[in-house]
Amino acid sequence: MVRDGREGSIEVITGVMFSGKSEELLRRVRRAMIARRTVQVFKSQLDDRYGGIQTISSHDGREIEARPVSSSRDVAEFVDSDTEVVAVDEVQFMDSGILEVANDLANQGVRVIVSGTDMDFRGLPFGPIGSLLAIAEKIDKLHAICVVCGDLATRNQRLIDGRPAPAEGPTIQVGGLESYEARCRAHHLVPSSLDDQMPLISDREG
Ligand code: ADP
């Protein structure tokens, strides 16, 4: 089906944290607005305590308003009938229903753009992203720079108190004190338990 004379489609922007996914999503949204398309932007969030309108910001400080959603049903419910472009950021947090919602919208002629990280901190597929890649018309996998060696980074390194986090931690840590770095495969460390902690990268390489 077409909406306002245009075919629908699904675009996925994926890759490691800091690879520029939000920048790319914002670029596409801004260009759609310049083209006078009707655009709705959503941001998936697990923790909906904060409610209200949120923003997606890129590194150059520009930002755009996004409606927080905690389930794929929210997206289906909030999309207006005349919307031509639907963007969803942080889509790795969505439930698997996002596949059907994205497909239905694309079948109705909507350009669907989703963005999210492809791997969890263990280096395993994150949420619905793998399946979204399978049904997408267009895929862009972006890379960051490994903070250890400067090569291309593909993996999300979770750190707790500056040390690699063990594999058995929860995939999603709401409000945790952990931090993340972009790293290449060789410098991505996932010890099997806290007792088995790897030394700090700087201890090993310094
Ligand atoms: P994402 O949405 O993929 O997490 P953002 O769009 O929020 O990424 O941020 C991308 C920006 O992050 C880059 O343009 C760069 O300025 C900055 N940045 C910080 N750390 C790194 C890194 N290790 N590799 C590449 N870019 C980085």
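Below: a short report on this structure. The residue numbers shown here count from 1 along each chain, following its written sequence. Since the coordinates come from a predicted model, pLDDT governs what is reported: local features require at least 70, and pairs of side-chain atoms require 80 or more to be given and counted, while whole-chain, interface and lining totals use all residues. The side-chain figures draw on all heavy atoms in the structure; neither hydrogens nor water molecules are used.

**What to know about unusual backbone geometry**
So the rule is basically this: Strands here are runs of E lasting at least two residues and helices are runs of H or I lasting at least four, both read from the DSSP assignment and numbered beginning at the N terminus. Here the term buried applies to any residue with accessible area under 20% of the maximum for its type, exposed to any over 50%, and partly exposed to those in between, with areas from a 1.4 Å probe on protein chains only.
With a phi angle near 70 degrees, Phe18 is a residue other than glycine that sits in the positive phi range. Within the secondary structure, Phe18 sits in the loop between strand 3 (9-15) and helix 1 (21-34). Overall, the relative accessible area of 63% leaves Phe18 in the exposed class. The backbone of Asp161 sits at a positive phi, close to 50 degrees, despite the residue not being glycine. With respect to the secondary-structure elements, Asp161 resides in the loop between strand 12 (155-160) and strand 13 (163-164). Relative accessible area serves as the criterion here: at 76%, Asp161 is assigned to the exposed category.

**Let's talk about the environment of Phe126**
Relative to the helices and strands, Phe126 is located in the loop between strand 8 (111-116) and helix 4 (129-135). Overall, the relative accessible area of 9% leaves Phe126 in the buried class. Distance from Phe126 to Val91, taken between C-alpha atoms, is 9.5 Å for residues 35 residues apart in sequence.

**Structural notes on the site of the ligand**
So the rule is basically this: In these notes, residues near a molecule or strand are those with any non-hydrogen atom within 4 Å of it. The term polar contact refers here to a pair of N or O atoms within 3.5 Å; inside protein, the definition further demands a hydrogen-donor-capable atom paired with an acceptor-capable atom, and it admits residues adjacent in sequence only when both atoms are side-chain atoms. Here the accessible surface of atoms and residues is derived via Shrake-Rupley with a 1.4 Å probe, and residues count as covered only by protein chains that are part of the display. Under the convention adopted here, Pro, Cys and the residues Ala, Val, Leu, Ile, Met, Phe, Trp and Tyr are nonpolar, Asp, Glu, Lys and Arg are charged, and Gly plus all remaining residues are polar.
Residues in close proximity to the ligand total 12 residues, the closest being Phe18, Lys21, Ser22, Glu23 and Ile145. Between Gly20 and the ligand, the recorded distance is 3.0 Å, taken from a backbone N or O atom to an oxygen atom. In the complex, 70% of the free accessible area of the ligand, which totals 580 Å², lies under the protein chains. Listed by contribution, the elements that provide at least two residues to the shell around the ligand are helix 1 and strand 10 (144-145). If you tally residues by element for the shell around the ligand, the top one is helix 1, at 3 residues. Here the residues of the shell around the ligand are counted per class, giving 6 nonpolar, 4 polar and 2 charged.

**Points about the state of the cysteines**
One covalent bond between the sulfur atoms of two cysteine residues makes up a disulfide. Short version of the rule: Disulfides are defined in this document as cysteine sulfur pairs within 2.5 Å.
Counting across every chain of the model gives 0 disulfides. Not engaged in a disulfide, the cysteine Cys149 finds its nearest cysteine sulfur in Cys146; these two sulfurs lie 3.8 Å apart. Residue class for Cys149 comes out partly exposed when judged on its relative accessible area of 35%. Residue Cys184 stays outside any disulfide, its sulfur separated by 3.8 Å from that of Cys149, the closest cysteine.

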